[in-house]
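An overview of the molecular structure
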Amino acid sequence: PMLDLKTFLQQHHVSDVLTSRPVKCISNEIKVEDALKMMEQNHYLSMPVLKNGMVLGLLDVLDIVTYAFKVSQDEVSFEQLSGFDFESMNGVFKQQTVENIINLTGKNSFSMSQNALLDDLVKFFADGHHRVPVHDDTATIVNLVSQTDLARYLTQHKSVLGEIAERPIVSSATPNLLKVHTTDMMIQAVFLFYMHKVSALAVVDTEGKFYGSLSASDFRFFTDFTDLKLSVQSYLNKQNLGPPLSMDATTPILAAVEAIVGAKMHRVWVVEAGLPTHVFSFTDFMKALK
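Criteria and thresholds
Residues numbered from 1 in each chain as written. Predicted model: local features only at pLDDT ≥ 70, side-chain atom pairs only at ≥ 80, totals over all residues. Heavy atoms only, no water. Helix = DSSP H or I, 4+ residues; strand = E, 2+ residues; numbered from the N terminus. Rg over C-alpha atoms; globule rule 2.2 N^0.38 Å. Buried < 20%, exposed > 50% of the residue type's maximum accessible area, 1.4 Å probe, protein only. Contact = heavy atoms within 4.5 Å. Areas by Shrake-Rupley, 256 points an atom, 1.4 Å probe, with all protein chains shown as cover. Pairing = 2+ DSSP bridges. Phe/Tyr/Trp six-rings, centres within 6.5 Å; stacked < 30°, edge-to-face > 60°. Axes fitted to C-alpha atoms, helices over the stretch in contact; angles between N-to-C directions.

Turning our eyes to something else, we now look at the overall build of the chain. A count of helical and extended segments in the chain gives 12 helices and 13 strands. Taken over C-alpha atoms, the radius of gyration comes to 19 Å for the chain, in line with the 19 Å a tight globule of 290 residues would show. Overall, the C-alpha framework of the chain stretches about 65 × 55 × 30 Å when taken along its three principal axes. In the chain, buried positions account for 50% of the 290 residues. Restricting the contact set of the chain to residue pairs at least 6 apart, pairs at least 24 apart contribute 65%. Taken as a whole, the chain presents about 13300 Å² of accessible surface, with 51% of it coming from carbon and sulfur.

What follows is the structure, given as structure tokens:
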């Protein structure tokens with residue numbers, strides 16, 4: 001008989017989903033500048049930070065990029081950002097330890113046992129977490145598991161998805177209300193990430209048509225605050241970022257998830273008549289599975 005999804009998720013464990021990737025942890029005392037270099041060299045989007053062998057939290061590139069706003073005493077408005085003092089920010093910021101940044105983000109330290117049920121992992125990811133450190137029976141961090149790992153695993157066992165597989169993505173997608181223009185400055189885009197706690201923004205051209213997207217992963221080569229002086233279009237060109245995935249609202253969920261996994265992306269944009277109306281991310285997929 002066909003396994004239903006709930007049973008499947010309660011019979012399989014985090015260890016079933018893990019890929020063999022080396023996990024690099026960093027010390028809480030490392031300077032942000034050095035952490036960024038390590039992340040850039042290894043193409044990491046986040047790294048577990050350890051203090052006395054315990055996980056303090058995950059250091060995420062977007063946390064670092066939005067740090068400037070967390071410490072700013074002034075109420076900043078979108079319009080005022082062009083006067084931002086990037087040079088002094090670079091100086092202050094690069095001397096910070098990663099522990100300071102983690103404490104500011106308010107993300108609780110958390111790691112998950114490799115023996116945890118996939119059911120628990122789905123719920124954790126449905127809350128918007130993108131990855132989590134995994135520990136073994138001796139509480140040693142042995143791996144990281146990401147939304148992508150779980151999504152890939154579920155596409156390999158697609159029969160358990162049942163009717164969810166055929167639902168149109170628009171039924172689970174998030175309406176896209178935030179847009180950044182190609183001519184906006186990158187600092188303005190980062191401000192939107194910070195204010196609205198999103199992990200992706202649609203980029204539109206001067207006519208409001210879909211041009212591309214900016215997401216947390218587009219900061220993996222971020223090493224200097226002066227990059228934020230660039231226009232969004234210049235930044236995207238400099239990073240040589242390919243076009244994002246876009247699909248029709250009626251695309252079935254399974255087809256969308258397989259395409260996102262295959263393209264090594266995290267989301268697909270629903271574009272109608274050239275306008276980005278919705279975004280369907282792995283978080284939305286996990287919510288549909290809950």
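Moving on: the sheet that holds strand β1 (residues 26-27). Pairing in this open sheet of three strands is mixed, and the strands run β1-β2-β3 from one edge to the other. Sheet topology places β1 and β3 (54-60) at the edges, where each strand pairs with a single neighbour. Bridging between strand β2 (residues 46-51) and β3 involves six bridges; their strand directions are antiparallel. Paired with K51 across the strands is M54, a residue of β3.

Moving on: the packing of aromatic side chains. Considering all chains together, one arrives at five aromatic pairs under this definition. Between F124 and F125 the ring centres are 6.2 Å apart and the planes differ by 50°, which places this aromatic pair in the tilted class. You'll find F124 and F125 in the same group, each marked buried. Aromatic side chains F193 and F219 sit 5.8 Å apart centroid to centroid with 80° between the ring planes, which places their arrangement in the edge-to-face category. Of the two residues, F193 sits in helix α9 (residues 186-196) while F219 sits in the loop between β10 (210-215) and α10 (232-239), which places them 26 residues apart along the sequence.

Here we come to the pairing of β10. Summarising burial for β10: five of the six residues are buried, a large majority. In the sheet, strand β9 (residues 200-204) pairs with β10 via five bridges, with the strands oriented antiparallel. Residue pairing in the sheet places L201 in a bridge with L214 of β10. Between the end of β9 and the start of β10, which pair antiparallel, lie five residues, with G208 showing a positive phi angle near 85°.

Most peptide bonds take the trans form, and the phi angle of most residues other than glycine is negative. Unlike most non-glycine residues, K197 shows phi in positive territory, near 50°. Checked against the element boundaries, K197 lands in the loop between α9 and β9. We note that K264 has phi near 55°; this positive angle belongs to a residue other than glycine. Mapped onto the elements of the fold, K264 is located in the loop between α11 (253-262) and β12 (267-272).

Let us now look at the sheet that holds strand β5 (residues 131-135). Two pairing modes exist for strands in a sheet, parallel and antiparallel, and in both the strands are linked by backbone hydrogen bonds. Spatial ordering of the open sheet is given by β4-β5-β6, a layout of three strands whose pairing is mixed. Across the chains shown, the open sheet's two edge strands, defined by having one partner strand only, are β4 (112-113) and β6 (141-146). Judged from the five bridges that link them, β5 and β6 form a sheet pairing that is antiparallel. Looking at β6, one finds that V134 is bridged to N143. Helix-sheet contacts for helix α7 (residues 118-126) involve β4, β5 and β6, and the interaxial angle to β5 is about 145°.

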